[in-house]
Every structure is written in C-alpha cells, then in structure tokens.
Amino acid sequence: RAPRPAVAVFQTEVFRTWGGIQTFNRHLLEALIELAETRGWAVRVFSLRDRGRVDLSSSVRLWGAGGRRMRFAAACLLNGFLADAVVIGHVNLAPLALVARTIRPRLRYAVIAHGFEIWTLQGGLRRAGLRASSLVAAVSHDTRARLVARGVEEQRVVLLPNTVDAARFTIG
C-alpha cells in the first residue's frame, strides 16, 4: 500500500483568538479536514501561538507551540522536509518553507496572502519565500493585484476570498 500524501500547514494561530486571519485559518482547516478524509491525506497543522496537540479528525492533527518560536520553527522545518506539500498561512512564515525547499528543491508550497502585510512587504526572506512559492492564494482582488505588481508571477496567484462564519453573522 502506498503511503498517504502528507500535507504540512504552518499557521500563526488558529483557535487562540477570534480575529479575521484566525477565522480564515479555521475555515481553511475545515476544508482541509474534508479534503483529507475524502482524498486520504495526512495533514499536520503547526500553530505558533496555539497550545497543545489536538486531533481535529482521523487525518488531521494540530500541534501548537504556545508561542515558543524556536520549537515552532524546528517542528515546521522537520515536517516541511517530510511533507509532499506545505501550506503557509501567513507571509511571515514563508521563510520556513524557503529553508525547507533549499534542502528539498522539489517541495511544493503555497502562501496565503491576507492583505496589509503584503501591501507593505519589504525585501528580505519573506519576499524571497513568497516569490519562490509554487502558489500564492490572495484573499482579495486588491491583494492579488499588489502581489503581481511586486513581481509574483500572475499565473501563480489565485483568489481565495475571506469567508464569513454564518454562526456569528446575522442580519437585522
């Protein structure tokens, strides 16, 4: 039997607070759980600010570093080397995938581009990590346009809009 494809996801945080990026991350995980179950993937999620280990499904496990940056970076690098694909939940974490790709040149990784952090992105490792990615998912048309203007190839930038949590949103 062939091994299950492995996907590593690097996030700043998922469950600790209720901001816009965290809500997006939770919805992304819901989609990954469904994909993992139907496609037979093994998904490992690494969160910088969340704490502990949680099995989100039979195929998806989350590990939280509790803010310990070196432990988080080490876990991401080790699992990035072993994964078939990596999803980077924030451009600030893109250098981790860039390092993993230095060791494993065929590693495919995608970066989620949320907005403001892309609009003000300066040079350095974050920009290099973004440009070296296999795919960039922009949460708005404006962010997509700014990525292309900053040198990310247009064909590698897809639109993955922010979501609304129907349970928290009411009209009237």
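Right, let's walk through the structure included here.

Definitions and limits used
Residues numbered from 1 in each chain as written. Predicted model: local features only at pLDDT ≥ 70, side-chain atom pairs only at ≥ 80, totals over all residues. Heavy atoms only, no water. Helix = DSSP H or I, 4+ residues; strand = E, 2+ residues; numbered from the N terminus. Buried < 20%, exposed > 50% of the residue type's maximum accessible area, 1.4 Å probe, protein only. Contact = heavy atoms within 4.5 Å. Axes fitted to C-alpha atoms, helices over the stretch in contact; angles between N-to-C directions. Parallel < 35°, antiparallel > 145°, perpendicular 65-115°, else oblique. Left-handed = near helix turned anticlockwise from the far one by under 90°. Core = buried A, V, L, I, M, F, W, Y, C linked by side-chain atoms within 4.5 Å. Salt bridge = Lys/Arg side-chain N within 4 Å of Asp/Glu carboxyl O. Polar contact = N/O pair within 3.5 Å; in protein donor to acceptor, adjacent residues only side chain to side chain. Phe/Tyr/Trp six-rings, centres within 6.5 Å; stacked < 30°, edge-to-face > 60°.

## Brief notes about the overall build of the protein chain
When its secondary structure is counted, the protein chain shows 6 helices and 8 strands. Going from the N terminus to the C terminus, the protein chain shows its helices and strands as β-α-β-β-β-α-β-α-β-α-α-β-α-β. The C-alpha extent of the protein chain, read off along each of the three principal axes, is 55 × 45 × 35 Å. Within the protein chain, the proportion of its 172 residues that are buried is 45%. Pairs at least 24 residues apart make up 50% of the contacts formed inside the protein chain by residues separated by at least 6 positions.

## So, the packing of helix α2 (residues 69-82) against helix α3 (residues 94-103)
Taken N-terminus to C-terminus, the directions of α2 and α3 make an angle of 40°; their axes are 9 Å apart at the nearest point. In terms of their interaxial angle, α2 and α3 are classed as oblique. The element α2 and its partner α3 pack so that their crossing is right-handed. Across the interface between the two elements, Phe72, Ala73, Cys76, Leu77, Gly80 and Phe81 from α2 touch Leu96, Val99, Ala100 and Ile103 from α3.

## Some points on α3
α3 sits mainly inside the fold: 7 of its 10 residues count as buried. Those residues of α3 not exposed but buried are Ala94, Pro95, Leu96, Ala97, Leu98, Ala100 and Arg101. Buried residues along α3 sit against β1 (6-11), α2, β5 (85-88), β6 (108-113) and α5 (125-132).

## Quick notes on the nonpolar core
Within the largest apolar cluster, 32 residues are counted, with the highest numbers of intra-cluster contacts made by Phe10, Phe46, Phe72, Val86, Ile88, Leu130 and Leu147. If you list the elements that add at least two residues to this core, you get β1, β4 (60-65), α2, β5, α3, β6 and β7 (135-138). By residue number, the principal contributor to this core is α3, which donates 5 residues. Not counting chain neighbours up to four residues away, the residues in contact with Phe46 comprise Ala8, Val9, Phe10, Gln11, Trp63, Phe72, Ala75, Cys76 and Asn79. Listed in part, the 17 residues of the second largest apolar core include Val9, Leu29, Trp41 and Leu62.

## Examining the pattern of salt bridges
In this structure the tally under the stated criterion is 5 salt bridges. A salt bridge links Glu153 to Arg156, with the shortest nitrogen-to-oxygen separation between them at 3.5 Å. What makes Glu153 partly exposed here is its relative accessible area of 42%. A relative accessible area of 12% means that Arg156 is categorised as buried.

## Focus on the side chain of Asn25
Counting through the fold element by element, Asn25 comes out in helix α1 (residues 20-39). On the basis of relative accessible area, Asn25 is assigned to the buried category, the value being 0%. Side-chain polar atoms of Asn25 contact the side chain of Gln11, separated by 3.2 Å. Those residues within four positions of Asn25 in sequence are excluded, and the remaining contacts are Gln11, Thr12, Glu13, Val14, Gly89 and His114.

## What about the packing of aromatic side chains?
Across all of its chains, the model carries 2 aromatic pairs by this definition. With centroids separated by 6.3 Å and ring planes inclined at 70°, the aromatic side chains of Phe10 and Phe46 adopt a geometry described as edge-to-face. Pair noted here: Phe10 is in strand β1 and Phe46 is in strand β2 (residues 42-47), with a separation of 36 residues, a long-range link. Here the two residues Phe10 and Phe46 agree in accessibility, since each one is buried. An aromatic cluster is present here, built from Phe10, Phe46 and Trp63 joined pairwise through their rings.

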